[in-house]
Structures are given as C-alpha cells and as structure tokens.
Amino acid sequence: MNHPLKNRNFRTYLIARLFGALGSYMMEVALMWWALEATGRNDSVAWVALTMSIVGMAVSPFGGVLADRAHKVGLASAGYALGMVAPAAAAALLLAGHLSFGLVVAIVAVDNLISSFFAPAGQALGPLLLTREQYQQGTAMAQGMSKLLRMASMPLGGVLVAALGVAATLLITVSVYLVAALVVRLVEEPQVNREVAAPAPGEAAHPAVPAKNEPRASLRRRWIDPLVATVKMLFSAPLLAAALFMVGLLNFILSPIGVMMAPYAKSLGSGAEGYGLLLAGITAGELLGYTVFTTFRSPRSLPFILGGSMAMGLSIGALAWATSLWPAVVALGMSGFGAVAVGVHLDALAIKLIPRDFMGRALSVIGVLLNGLGPIGLVAAGFALKTLPFATIFNVVSGLLVVASLLWLWPPIARAVRAAEAAPSEADAASEASAADPAQL
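A quick note: this is a predicted structure, and the numbers were derived from the prediction, not measured.

Draft legend 1. Structural detail: the overall build of the chain. Tallying secondary structure elements over the chain gives 18 helices and zero strands in all. In the chain, which comprises 441 residues, the share counted as buried stands at 48%. The contacts in the chain between residues at least 6 apart in sequence include a share of 86% that link residues at least 24 apart. A total of about 19400 Å² of accessible surface is found on the chain, and carbon and sulfur atoms cover 71% of it.

Draft legend 2. Region of the structure containing the packing of helix H9 (residues 238-254) against helix H13 (residues 325-353). Between H9 and H13, the shortest axis-to-axis distance is 10 Å and the interhelical angle comes to 150 degrees. As for the relative orientation of H9 and H13, their crossing is left-handed in sense. When H9 is examined against H13, the residues Leu239, Leu240, Ala243, Met246, Val247, Leu250 and Leu254 are found in contact with a partner set consisting of Ala339, Val342, Leu346, Ala350 and Leu353. Looking at the contact of H9 with H13 residue by residue, the class counts come to twelve nonpolar, no polar and no charged.

Draft legend 3. How the structure looks around a nonpolar patch on the surface. Together, Val231, Phe235 and Leu369 make up a nonpolar patch on the protein surface, roughly 240 Å² of accessible area in all. Here Val231 lies in helix H8 (residues 215-236). According to the relative accessible area criterion, Val231 is partly exposed, its value standing at 33%.

Draft legend 4. Just the nonpolar core, in detail. Ranked by size, the top nonpolar core spans 83 residues in total, and within it Met261, Tyr264, Leu278, Leu346, Phe394, Leu401 and Trp408 carry the most contacts. Contact partners of Met261, with chain neighbours within four places excluded, come to Tyr275, Leu278, Leu279, Leu332 and Phe394.

Draft legend 5. Here's a closer look at helix H7 (residues 166-184). Relative to the 27 Å expected for 19 residues at 1.5 Å per residue, H7 spans 27 Å between its end C-alpha atoms, a close match to the ideal helical length. Listed as buried for H7 are Val166, Ala167, Thr169, Leu170, Thr173, Val174, Val176, Tyr177, Ala180, Ala181, Val183 and Val184.

Draft legend 6. Geometry of helix H1 (residues 8-39). Compared with an ideal rise of 1.5 Å per residue, which puts 32 residues at 46 Å, H1 spans 47 Å between its outermost C-alpha atoms and is within 8% of the ideal. In the segment just after H1, Gly40 is the residue with positive phi, at about 70 degrees.

Draft legend 7. Representation of the confidence of the model for the chain within the structure. Overall, the prediction assigns the chain a mean pLDDT of 82, with 87% of residues at 70 or greater. Taken element by element, the chain is modelled with least confidence in helix H18 (residues 428-435), mean pLDDT 45, and with most confidence in H7, mean pLDDT 95. Confidence over residues 193-213 falls short of pLDDT 50; this stretch has 32 contacts with residues more than four positions distant or in other chains. This stretch, residues 425-441, has a pLDDT under 50; its non-local contacts, to residues over four places away or in other chains, come to 37 contacts.

Draft legend 8. Fine view of the pattern of salt bridges. Taken as a whole and assessed by the stated rule, the structure comprises four salt bridges. With a shortest N-O distance of 3.4 Å, Arg300 and Glu421 are connected by a salt bridge. Of the two residues, Arg300 sits in the loop between helix H11 (272-295) and helix H12 (302-319) while Glu421 sits in helix H17 (residues 411-422), which places them 121 residues apart along the sequence. Overall, the relative accessible area of 16% leaves Glu421 in the buried class.

Draft legend 9. Region of interest: the side chain of Glu189. Take Glu189: it is sitting in the loop between H7 and H8. Lys72 provides the closest opposite charge to the buried, unpaired Glu189, separated from it by 5.6 Å. Separated by 3.0 Å, the side chain of Glu189 and the backbone nitrogen of Val73 make a polar contact.

Draft legend 10. Representation of the environment of Leu170. Structurally, the position occupied by Leu170 is in helix H7. Among the residues examined, Leu170 registers a relative accessible area of 0% and is labelled buried. When the C-alpha atoms of Leu170 and Leu94 are compared, they prove to be 10.0 Å apart, with 76 residues separating the residues in sequence. When neighbours within four sequence positions are excluded, Leu170 is seen to be in contact with Met27, Ala30, Leu31, Pro87, Ala90 and Ala91.

Draft legend 11. Local environment of the side chain of Ser398. Tracing the sequence through the fold places Ser398 in helix H16 (residues 390-405). Ignoring any residue separated from it by four or fewer positions in sequence, one finds Ser398 in contact with Gly313, Leu314, Ile316 and Gly317.

Draft legend 12. Spotlight on the packing of aromatic side chains. By the definition in use, this model includes seven aromatic pairs. Judged by centre distance (5.7 Å) and plane angle (90 degrees), the ring pair of Phe117 and Phe118 falls under edge-to-face.

Draft legend 13. Just the environment of Ser405, in detail. Relative to the helices and strands, Ser405 is located in helix H16. For the pair Ser405 and Val342, spaced 63 residues apart in sequence, the C-alpha to C-alpha distance is 10.0 Å. Setting aside anything within four residues of it in sequence, one finds Ser405 in contact with Met246, Leu306, Ser309 and Met310. Here the side chain of Ser405 touches Val402 through a polar contact of 2.5 Å, landing on its backbone oxygen.

Draft legend 14. Up close: the packing of H12 against H13. Closest axis-to-axis distance for the H12/H13 pair is 8 Å, and the angle between their directions is 155 degrees. Considering the angle they form, H12 stands roughly antiparallel to H13. As for the relative orientation of H12 and H13, their crossing is left-handed in sense. Of the residues in H13, those in contact with Phe304, Ile305, Gly308, Ser309, Met312, Ser315, Ile316, Ala318 and Leu319 of H12 are Ala328, Ala331, Leu332, Met334, Ser335, Gly338, Ala339, Ala341, Val342, His345, Leu346 and Leu349. Of the residues assigned to the contact of H12 with H13, the class counts are 15 nonpolar, six polar and no charged.

Draft legend 15. Fine view of the environment of Tyr135. Mapped onto the elements of the fold, Tyr135 is located in helix H6 (residues 135-164). A relative accessible area of 1% means that Tyr135 is categorised as buried. It is 8.3 Å that separates the C-alpha atoms of Tyr135 and Asp347, two residues lying 212 residues apart in sequence.

Parameters at a glance
Residues numbered from 1 in each chain as written. Predicted model: local features only at pLDDT ≥ 70, side-chain atom pairs only at ≥ 80, totals over all residues. Heavy atoms only, no water. Helix = DSSP H or I, 4+ residues; strand = E, 2+ residues; numbered from the N terminus. Buried < 20%, exposed > 50% of the residue type's maximum accessible area, 1.4 Å probe, protein only. Contact = heavy atoms within 4.5 Å. Areas by Shrake-Rupley, 256 points an atom, 1.4 Å probe, with all protein chains shown as cover. Axes fitted to C-alpha atoms, helices over the stretch in contact; angles between N-to-C directions. Left-handed = near helix turned anticlockwise from the far one by under 90°. Nonpolar A, V, L, I, M, F, W, Y, C, P; charged D, E, K, R; others polar. Patch = residues over 30% accessible without salt bridge, like charges linked within 9 Å, V, L, I, M, F, W, Y side chains within 5 Å. Salt bridge = Lys/Arg side-chain N within 4 Å of Asp/Glu carboxyl O. Core = buried A, V, L, I, M, F, W, Y, C linked by side-chain atoms within 4.5 Å. Expected span 1.5 Å × (residues − 1). pLDDT = per-residue confidence, 0-100. Lys, Arg positive; Asp, Glu negative; His and termini not counted. Polar contact = N/O pair within 3.5 Å; in protein donor to acceptor, adjacent residues only side chain to side chain. Phe/Tyr/Trp six-rings, centres within 6.5 Å; stacked < 30°, edge-to-face > 60°. Parallel < 35°, antiparallel > 145°, perpendicular 65-115°, else oblique.

In structure tokens, the structure reads:
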C-alpha cells in the first residue's frame, strides 16, 4: 500500500498544518514572554495558559458540529486567516504602547475562541484524505510532526523574541498564518463533504434553515443534539469506549509525569541537568515511536496496544526501584515509546470506527473528554507528591497501567479489534480511489 506521503493532498495538508502550528507556538512564546516581563510575576504565564485551555475546551465541540456541515478545507483556511487577527492586534497595541496584561488575556481568549471553533475542520480533514491502510502511518506522521515542531518552534520563538523583539515576532506570526491559509486551500475537498453531511446515528434530521417560529428548538437540533448523539455513539461501541478509557487513563497519568520529574531528579541526587535528562528520555522514546510507526505499517493493532501499555506500566514501575539517573532515563524512554505505540494504534482504530460524515464532531468531543483529564491528573499529582513517597506513586501508576492493559485481552474487545481491522470503513472505496489517483502523486 502507498505511504501517506505519496498522497499529494495529504502532503499539502501536512505543510499547511506545519505553518499553522508554527504560528500558534511562536505567538504563544512571544505573548507569554511579554506577560512575564511586563508583570514580573511567574503566575501570569499560568493565567494565560489557563485561558487558552478553558476557551479551547468550551468551543471545540461546536466547531466539530460546524466542520461536519460545511467544507473542511474552507473552514480550515478561514481559521488560519482569522488567526492573523490576534498577533496583528497584539503587535499594533504593543507598538502603540497600549498593550496590557488584561488585553493579552483578552486577545488570547478571542484567538482561542476563533481557532478552537475552526480547528476541528482541520483535525478531521487529515483522516478523510487517507485510506484505511494509511491511518496508522498517517496518524503517527501527524502526531510526530506536531511533537517535533513544538520542540523546534519554542526555541525558534525565543530566538526571534531575543533578536527582533516581541512585536516583530508577532508580525512574523501573521505572515506564517497567511501561508497556512493559502496552502490549505490547495487541498482537494474530501468527497464525503461534497454534499450536506448525513445526521449522526441517533441524531434527528434537521432543516438547513431554522424555522422562524422555533429558534430555540432549531438551535438545540443544530448544536446540542449532534453533540449528545456523538457522546452516545462513542460510549455505545465497546471498542470505542475501551479506547477512550485507555487514552483517558494515559492522559491522566502522563500529564503529571513531567511535573514529577523535577523533584524526582532531586531524590536521585541530581539537579537541573538531571531533570532535563529525564524529560529528554521521555521525548526520545516518543520520537523513536513516531519514527518507527511512520516508517512501518503494522497489520495488527492488538499486539502494539497490549504490548505498549504493558511496557509503560513496567517501565514506570521501574522508576520506583531506580537508584541512579540513567536507569530512570532509559525507563522513561521505554515509557514514551509505549505511549506512542498505544496512542497511534488506538487513534487509527477509532478513525476506522467513526462514521466519516461526522468525523469533526467526534474528534472534537474526544479531545475535550480526554484533555479535561490532564488538569485532574495534575491536581492528583499535587496531592500525591505532598503525602506519598515516589516509590508508592510509581508502583500505583504501574499497577493501574498493567491492569488496564489486560482489558484488551477480554474476548469481546479483542474480537472487536479484529473486526475493525478486517471490515471496510465507510466511504473507503471513494477514499482509496482518490488516494490512488495519479494526478495526486
């Protein structure tokens, strides 16, 4: 089967995503640095980040509903174009001497309101450009690119701020967003969107134009009912429910791991350099995983999901027994690789099971459900670090992951995984024909 990079549409999509993510990270660095310098308070950065998180989770599901009712290419392009407003406004206010911390928070809130409303269209566009055989490699490629880009763009943003200043960095961000908006317009709209998308399972059909005498009912049918139907669909399919549980558990556990590494490094007799090495171990394992699963397509998902979750559990358990830095770094590298193995294959399975005509709302709801567990994990980690030794924390996390991995040996779930791998997904014939079109290569 052709590698996803041989699909011209997917290549163009990745380039647009690259510029869009680069602009987002650069603006984040510039505004957070300005907030830190202007206020002199370390917590100012946390407030900006919290604003981004809350607004994004609140708006994203409604953006998913919109994405399934309109052309995703147009929505993605509009999102990047509107993304130019925030850095342009911040730069203008800064140059005029009127920028304040309150305005930065407001600008970030409006920017995330816009970007989160249009982002589901871009998120759903990627899977719709691929055939089912390309899902695993395409997912690994998109996630790996995002990881690498975040690692590269944060230092790049810092260099630009140091060399050119915050205002110039924000203006460069405007131009980067413009490139993303223009490039994504070159992507051919997936065939599933050339007509109005069908209602989701369990969702009542609704008119294209609201009835004037019942605006509230129409709003409910247009926005709330599709989201409720999506949540019901996600939890009614045993395999999707199991995938959500596993990925949710990973988010809950892995989100606070980075926070724990600083005090854990001190417990091993190391300092800041040890803290950096521990974080580098996780990242190295993740990058190795993305490289492997981008290069090679695995025909079976179950061994990697089961093996990856087991590897994570055992490697985190090894942290409880590590007495020096380097064994802990290696264990964290194994954990990062296992997390990628689980995440990539679960994502590919989920994409096969989600009806393609409401991919946008499903992926946005999944994102909100899972990302909301990260802050809860951070709170739990805070309490754990105050009351429990590291050995106890890591042994508990290890036990949870090992027990959760056994879920995939439960016969109904194992059969559902094999069935999802064997059965053709909706609209695959059209997608395969499009991907195999010589004009795209």
